[in-house]
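What the coordinates show
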Amino acid sequence: MTADLVPVTDDGPHRGPRGRALRLATLAAVLGPGLLAGLSDDDPAGITTYSVLGADYGYRLLWVLLLSTLALMLFHDLGARMGVVTGQGLVGLVRHRYGVRVATATLAALVVANIGTAAAEFAGIAAGAELLGVSRSLAVPVAAVAVTTLVLRGSFHRVEHVLLALASVFVAYVAAGVLAHPDWPAAGHGLVVPTMGFSRAEVLLVAATVGTTLAPWGLSFIQSYAVDKRITTADLGYERVDVLVGAALTGVIGFFVVVACAATLHTRGVHIESAADAAQALAPVAGRLSGTLFALGLIGAAVLAAAILPLSTAYSVCDLTGSPAALDSSFSHARLFYLTHVAVTTVAASLVLLPQVPLVPLLVSTQTLNAVLLVPLLVVMHLLSRDRDTMGDLVVSRRVAAAQAVVVALVCGCVVLILLQVA
């Protein structure tokens, strides 16, 4: 027996108005892992990639974003399923199936890449704050203390509710896109009709778009967070809704970022290097409100990812060591979990505040490491998804496994392109 989805039935107590209310209540209780893992992918690196995509190529590469979103749905669904079925995070599962050495090497690469990526999130906070007239020397420490205090002092549900509320800032990108008055028919055409020039810059940007959507830390986070939330196999149907909605919203936000830049910057031939550049460039073209909304979205996206990245790292460290890792645990009971979160946050924020640290080379190297690490993680997840010793009766079907294999092959191609650029 294979299972693509544990169905939600209309039998027994699930029938009628009371049953619908029960199903909605269950869905509300399960929501979280998919939404947070998906939306946190729209971090400053992702927003920058989408901004450049729109500014340089207009609407015609939107189809790449659509395909990337579908790939995100596929593997985030698998990550949540593996966490629920096995009760282990990704690194813990690697340790269980492939040994301590492989798991340790995986964790070491994850920690280095996650610290660098977390530094990128705090750099996004700094850039967004400076656009609004706030010094980075104030904004970065305040953000670091805020996310650390939230995790150290809050319960699981309080942390989750705050992070989900913070995710509402992404509405700013939707508003910025609408205010830019895009060509909607052209956007729709670019979304469903693949066209590509195959220039070196264009191919590399396509590879970056795919790579920024499927991040190793996101795969690790969704699996561990599903375990921490204590979701059961009976809830997998509801959890799939959570995953699909989270991934879809990620794509929708990326869509509005692209169209905002396509409608304004691309039509005027404005080239940008970062999301902060896009926010600055949008103000005189689409109005000050559009630029301000873009900057606020950048800060909110960065803060959300800056909270989740250290969490993902802390879960992974504890997966390897077998230490307690739960947001409901006290500091004395889960000391390693909380200390890891504090350490990653402190190091990442400090890197942004130290002027002598070459931040751009650091970020480029960690993004490259993320890309390289993504391939073996996807391969491992793909293999485990059909492993009955691991997944029992909830192995994925051959059809889903085939779709996973296609995504792995495409990501491998993208990684090769990125590495060729670095070399």
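Refer to the structure presented above.
Residues numbered from 1 in each chain as written. Predicted model: local features only at pLDDT ≥ 70, side-chain atom pairs only at ≥ 80, totals over all residues. Heavy atoms only, no water.

Observations regarding the overall build of the protein
Regarding its fold elements, the protein presents 19 helices and zero strands. Taking 22 Å as the expected radius of gyration for a compact globule of 423 residues, we find that the protein reaches 21 Å, a close match to that expectation. Burial statistics for the protein: of 423 residues in total, 56% are counted as buried. Partitioning the contacts of the protein with sequence separation of at least 6, the portion at a separation of at least 24 is 83%. Between the averaged position of the 23 positive side-chain charges in the protein and that of its 24 negative side-chain charges there is a distance of 5 Å. (Helix = DSSP H or I, 4+ residues; strand = E, 2+ residues; numbered from the N terminus. Rg over C-alpha atoms; globule rule 2.2 N^0.38 Å. Buried < 20%, exposed > 50% of the residue type's maximum accessible area, 1.4 Å probe, protein only. Contact = heavy atoms within 4.5 Å. Lys, Arg positive; Asp, Glu negative; His and termini not counted. Charge placed at Lys NZ, Arg CZ, Asp CG, Glu CD.)

A look at the packing of helix α6 (residues 100–131) against helix α15 (residues 288–321)
Running from N to C, α6 and α15 point in directions that differ by 160 degrees, and their axes come no closer than 8 Å. On the basis of the axis angle, α6 is roughly antiparallel to α15. Crossing of α6 over α15 shows left-handed handedness. For the contact of α6 with α15, a count of residues per class yields 21 nonpolar, eight polar and one charged. (Axes fitted to C-alpha atoms, helices over the stretch in contact; angles between N-to-C directions. Parallel < 35°, antiparallel > 145°, perpendicular 65-115°, else oblique. Left-handed = near helix turned anticlockwise from the far one by under 90°. Nonpolar A, V, L, I, M, F, W, Y, C, P; charged D, E, K, R; others polar.)

Thoughts on helix α11 (residues 200–213)
In this model α11 runs 20 Å from its N-terminal to its C-terminal C-alpha over 14 residues, within 8% of the 20 Å that 1.5 Å per residue would give. Buried residues dominate α11, accounting for ten of its 14 residues. The set of residues buried in α11 consists of E202, V203, L204, L205, V206, A207, T209, V210, T212 and T213. (Expected span 1.5 Å × (residues − 1).)

Quick look at helix α16 (residues 335–353)
With 19 residues, α16 ought to run about 27 Å at 1.5 Å a step, and its terminal C-alpha atoms sit 27 Å apart, in line with that. F337, Y338, T340, H341, V344, T345, A348, A349, L351 and V352 are the residues of α16 that are buried.

A word on the packing of helix α4 (residues 62–86) against helix α13 (residues 236–264)
Look at α4 against α13: their axes get within 9 Å of each other, and the N-to-C directions meet at 155 degrees. Here α4 lies roughly antiparallel to α13, going by the angle between them. Taken as a pair, α4 and α13 cross one another with a handedness that is right-handed. Split into classes, the residues belonging to the contact of α4 with α13 amount to 15 nonpolar, five polar and four charged.

Remarks on unusual backbone geometry
One non-glycine residue, H181, lies in the positive phi region at around 55 degrees. Here H181 is to be found in the loop between α9 (171–179) and α10 (184–192). H181 sits in the exposed class, given a relative accessible area of 66%. Non-glycine residue R230 carries a positive phi angle of around 60 degrees. Secondary-structure assignment places R230 in the loop between α12 (216–228) and α13. Residue classification places R230 among the exposed residues on the basis of a relative accessible area of 57%.

What to know about the packing of aromatic side chains
Following the criterion strictly, the structure yields ten aromatic pairs and no others. Residues F331 and Y338 carry aromatic rings whose centres are separated by 6.2 Å and whose planes lie at 25 degrees to one another, so their mutual orientation is stacked. Classification of F331 by relative accessible area gives partly exposed; the value is 36%. Taken together, the ring pairs connect F156, F221, Y225, Y315, F331, F337 and Y338 into an aromatic cluster. (Phe/Tyr/Trp six-rings, centres within 6.5 Å; stacked < 30°, edge-to-face > 60°.)

Some thoughts on the nonpolar core
For soluble globular proteins, nonpolar side chains are generally found buried alongside one another. Counting residues in hydrophobic clusters, the biggest one holds 131 residues, and the most contacted among them are F75, F122, L214, F294, L327, F337 and V411. If one sorts the elements of this core by residue count, α15 sits on top with 19 residues. Judged by nonpolar contacts, the second largest core, of seven residues, contains A226, I231, Y238 and L394. (Core = buried A, V, L, I, M, F, W, Y, C linked by side-chain atoms within 4.5 Å.)

Side note on a nonpolar patch on the surface
A cluster of nonpolar side chains, namely L66, L67, L70, V192 and V193, defines an oily patch on the protein surface of about 410 Å² accessible area. The element best represented in the nonpolar patch is α4, accounting for three residues. You can see L70 is positioned in helix α4. Accessibility expressed as a relative area gives 45% for L70, which makes it partly exposed. (Patch = residues over 30% accessible without salt bridge, like charges linked within 9 Å, V, L, I, M, F, W, Y side chains within 5 Å. Areas by Shrake-Rupley, 256 points an atom, 1.4 Å probe, with all protein chains shown as cover. Salt bridge = Lys/Arg side-chain N within 4 Å of Asp/Glu carboxyl O.)

What to know about the pattern of salt bridges
Scanning the entire structure with this criterion turns up five salt bridges. Put simply, R60 and E202 hold a salt bridge, and the shortest N to O gap is 2.9 Å. You can see R60 sitting in the loop between α3 (44–57) and α4 and its partner E202 sitting in helix α11, a full 142 residues away along the chain. E202 sits in the buried class, given a relative accessible area of 2%. R97 is the partner of D387 in a salt bridge, and the nearest nitrogen-oxygen pair spans 2.7 Å. Pair noted here: D387 is in the loop between α17 (359–385) and α18 (388–391) and R97 is in helix α5 (residues 90–98), with a separation of 290 residues, a long-range link. Owing to a relative accessible area of 15%, D387 belongs among the buried residues under this scheme.

So, the environment of V407
Within the secondary structure layout, V407 lies in helix α19 (residues 398–422). Taking relative accessible area as the criterion, V407 reaches 11% and is therefore assigned buried. Taking C-alpha positions, V407 is 9.1 Å from S68, a pair spaced 339 residues apart along the chain. If near-sequence neighbours (up to four positions away) are discounted, V407 is found in contact with A71, L74, F75 and L214.

None of the figures reported here should be taken as evidence of function without further support.
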